[in-house]
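An overview of the molecular structure
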Amino acid sequence: MAPSTSKSLKKGQQRTSLIQGFIEEAGNRLPQYKKQIDAVGPVIVKIADTIDAAYPYGIEGYKKCVQLWELAQPYNPQRYFPLLLGFAMCFFGGSFVTLIAAVEAVRLSIWERLFAGIKILYQNYTIAEAQSKKDDEVDADGNGVADVLEISDRDLLTRKLYVFARSVDPQQVSDASLTIWSAVLAVIATLRIHFAQAITLGTSLGEMAQNHLSSVTQPILQQSLPAELQKWVPVANGFLFKFTGVIAAWFLSRIISGFHAAVRGASLIVTNALILAKEHGIEVFDPQSPKATALSMAVAFLGFYWQLSNGFSIPFPLNLLLLPLTFAEWLLSFLVSFS
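Predicted model only: the values in this text are computed from it and were never measured.

1. A look at unusual backbone geometry
- A cis amide bond, omega 5°, links Phe316 with the succeeding residue Pro317.
- Mapped onto the fold, Pro317 is located in the loop between α10 (290-309) and α11 (318-321).
- Backbone geometry places Phe312, a non-glycine residue, at a positive phi of 55°.
- Considering the arrangement of structural elements, one finds Phe312 in the loop between α10 and α11.

Here it is in structure tokens:
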């Protein structure tokens, strides 16, 4: 083993070397794209540096959350999660249409296998990480300097890939990766179906409106365009109606999804509130009774009215609290739009 010199190997330096080795190897394998690969390399390094700088704060925040969670155990905090989830769905579900649809797609298909797959990948990652740390201390030539400090970036990448391949269970990693990829495909397929339905319905609505209102809009367009561009009037007129129809269909889809989220959220709120009340010795009616159903519908209509009156937006400061969900919604919408 190398002495303390090897311990001076910083994780950030090794990560940068691995990235540079990967970029070098990619450039050699794809010479026709070497200029673009070399250009994007510094950006990847900066992103990795940012993640590396934020990592300690994330770990510290996680530890604090674990401590708070342990302190709250006497109060059985996990019983309150369905209430919070129900509240978010009931009053803000229309703002997370894509996210809710994605979660539903996973929940109804491979949720249990997905959770098991993520757990298996994490277990293999911890094993590989431990072996990599041991490899960082190896000094085979006995010169007092760790071997990983004396090799090129490309050789370091090859060495670490070998350590990874030697440490993990390939069958477990393969099966877990396929499960996660299946979940991704299920989500994308479900969301694209929803997106395609809105486009199809909107186009149909636009065509029907065009058949009845073209006599009004087409003369306006003819007056707005010069003579040499009059040939574009029918195309522009059709695009205007179809675009408006798609916007209307998308808004109607959001209304339907918002109402669905309000009903699901209200059911979670009422059911779990009644269970918690009973656990604390408060005599209430049964969660499956008609009274509970009526109360759920009342809460659902209240939540849906709140969503509709706010234009399916989240007011301040709740928008800051739900910012991670908003980011996930934007990311999923982007993936569906450009997949």
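2. What about the side chain of Ser132?
- Residue placement: Ser132 occurs in helix α6 (residues 111-136).
- Ser132 sits in the buried class, given a relative accessible area of 16%.
- Within polar-contact distance, the side chain of Ser132 engages the side chain of Lys160 at 3.0 Å.

3. Overview of the packing of helix α5 (residues 97-109) against helix α8 (residues 170-224)
- Remark: α5 packs on α8, axes separated minimally by 9 Å, with the N-to-C direction vectors making an angle of 130°. Accordingly, the angle class assigned to the pair α5 and α8 is oblique. Of the two possible hands of crossing, α5 and α8 adopt the one that is right-handed. Counted together, Thr98, Ala101, Ala102, Ala105, Val106 and Ser109 of α5 and Ala183, Ala186, Val187, Thr190, Leu191 and His194 of α8 form the full contact between these two elements.
- Looking at the contact of α5 with α8 residue by residue, the classes come out as 8 nonpolar, 4 polar and no charged.

4. Comments concerning the nonpolar core
- If you look at the biggest cluster of nonpolar residues, it comprises 26 residues, and the most contacted ones within it are Cys90, Phe92, Phe96, Val187, Leu191, Val299 and Leu332.
- Within the residue set of this core, elements represented by two or more residues are α4 (81-92), α5, α8, α9 (233-279), α10 and α12 (323-338).
- What Phe96 contacts, discounting residues up to four positions off in sequence, is Ile314, Leu322, Leu325, Thr326 and Glu329.
- Judged by nonpolar contacts, the second largest core, of 6 residues, contains Ile19, Ile23, Ala26 and Ala48.

5. Comments concerning the packing of aromatic side chains
- For the structure shown, the criterion picks out 7 aromatic pairs.
- Centroid distance Tyr122 to Tyr125: 6.4 Å. Interplanar angle 35°. Geometry classified as tilted. In this pair, Tyr122 and Tyr125 both sit in helix α6, 3 residues apart, roughly one turn of the helix.
- Aromatic pair Phe259 and Phe304: ring centres 5.3 Å apart, planes at 85°, arrangement edge-to-face.

6. Here we look at empty space enclosed by the protein
- Per the counting criterion, the structure on display carries 1 cavity of 30 Å³ or more.
- Put simply, the largest cavity is a space of about 30 Å³.
- Lining the largest cavity are Val97, Trp250, Ser253 and Arg254.
- A total of 3 residues in the lining of the largest cavity trace back to one element, the largest contributor, which is α9.
- Residues that form the lining of the largest cavity fall into these classes: 2 nonpolar, 1 polar and 1 charged.

7. Let's talk about the confidence of the model for the protein
- In the predicted model, the protein carries a mean pLDDT of 81, and 94% of its residues have values of at least 70.
- When pLDDT is averaged over each element of the protein, α10 comes out on top at 90 and helix α1 (residues 4-7) at the bottom at 40.
- Per-residue pLDDT stays below 50 along residues 1-9; that stretch engages in 20 contacts with residues further than four places along the chain or on separate chains.

8. Structural notes on α8
- Taking 1.5 Å of rise per residue, the 55 residues of α8 would be expected to cover 81 Å, yet its terminal C-alpha atoms sit only 66 Å apart, more than 12% below that figure.
- Of all the bends in α8, the largest measures some 75° and sits at Leu213.
- Within α8 the residues assigned to the buried category are Val173, Ala176, Thr179, Ala183, Val187, Leu191, Ala198, Gly202, Gly206, Ser214 and Thr217.
- The backbone nitrogen of Gln171 has a side-chain oxygen 3.1 Å away, supplied by the residue at the start of α8, namely Asp169.

9. Remarks on the pattern of salt bridges
- Enumeration over the complete set of coordinates arrives at 3 salt bridges.
- A salt bridge links Asp135 to Arg159; the shortest N-O distance between them is 2.9 Å. Of this pair, Asp135 sits in helix α6 while Arg159 sits in helix α7 (residues 153-167), and the two are 24 residues apart along the sequence.
- In this structure Arg159 comes out as partly exposed when scored by relative accessible area, which is 22%.
- In this structure, Asp135 engages Lys160 in a salt bridge whose closest nitrogen and oxygen atoms are separated by 3.1 Å. With Asp135 in helix α6 and Lys160 in helix α7, this pair connects stretches of sequence that are 25 residues apart.
- On the accessibility criterion, Asp135 (9% relative accessible area) is buried.
- The class of Lys160 is buried, set by a relative accessible area of 9%.
- Look at the salt bridges and you will find they share partners, linking Asp135, Asp136, Arg159 and Lys160 into a network.

Calculation criteria
- Residues numbered from 1 in each chain as written.
- Predicted model: local features only at pLDDT ≥ 70, side-chain atom pairs only at ≥ 80, totals over all residues.
- Heavy atoms only, no water.
- Helix = DSSP H or I, 4+ residues; strand = E, 2+ residues; numbered from the N terminus.
- Buried < 20%, exposed > 50% of the residue type's maximum accessible area, 1.4 Å probe, protein only.
- Polar contact = N/O pair within 3.5 Å; in protein donor to acceptor, adjacent residues only side chain to side chain.
- Axes fitted to C-alpha atoms, helices over the stretch in contact; angles between N-to-C directions.
- Parallel < 35°, antiparallel > 145°, perpendicular 65-115°, else oblique.
- Left-handed = near helix turned anticlockwise from the far one by under 90°.
- Contact = heavy atoms within 4.5 Å.
- Nonpolar A, V, L, I, M, F, W, Y, C, P; charged D, E, K, R; others polar.
- Core = buried A, V, L, I, M, F, W, Y, C linked by side-chain atoms within 4.5 Å.
- Phe/Tyr/Trp six-rings, centres within 6.5 Å; stacked < 30°, edge-to-face > 60°.
- 1 Å grid on protein atoms, 1.4 Å probe; cavity = no way out; pocket = protein on both sides within 12 Å on 5 of 7 lines; lining within 4 Å.
- Points joined across faces, edges and corners; volume = space filled by probe spheres on them.
- pLDDT = per-residue confidence, 0-100.
- Expected span 1.5 Å × (residues − 1).
- Bend = angle between axes of the 7 residues up to and from the residue.
- Salt bridge = Lys/Arg side-chain N within 4 Å of Asp/Glu carboxyl O.

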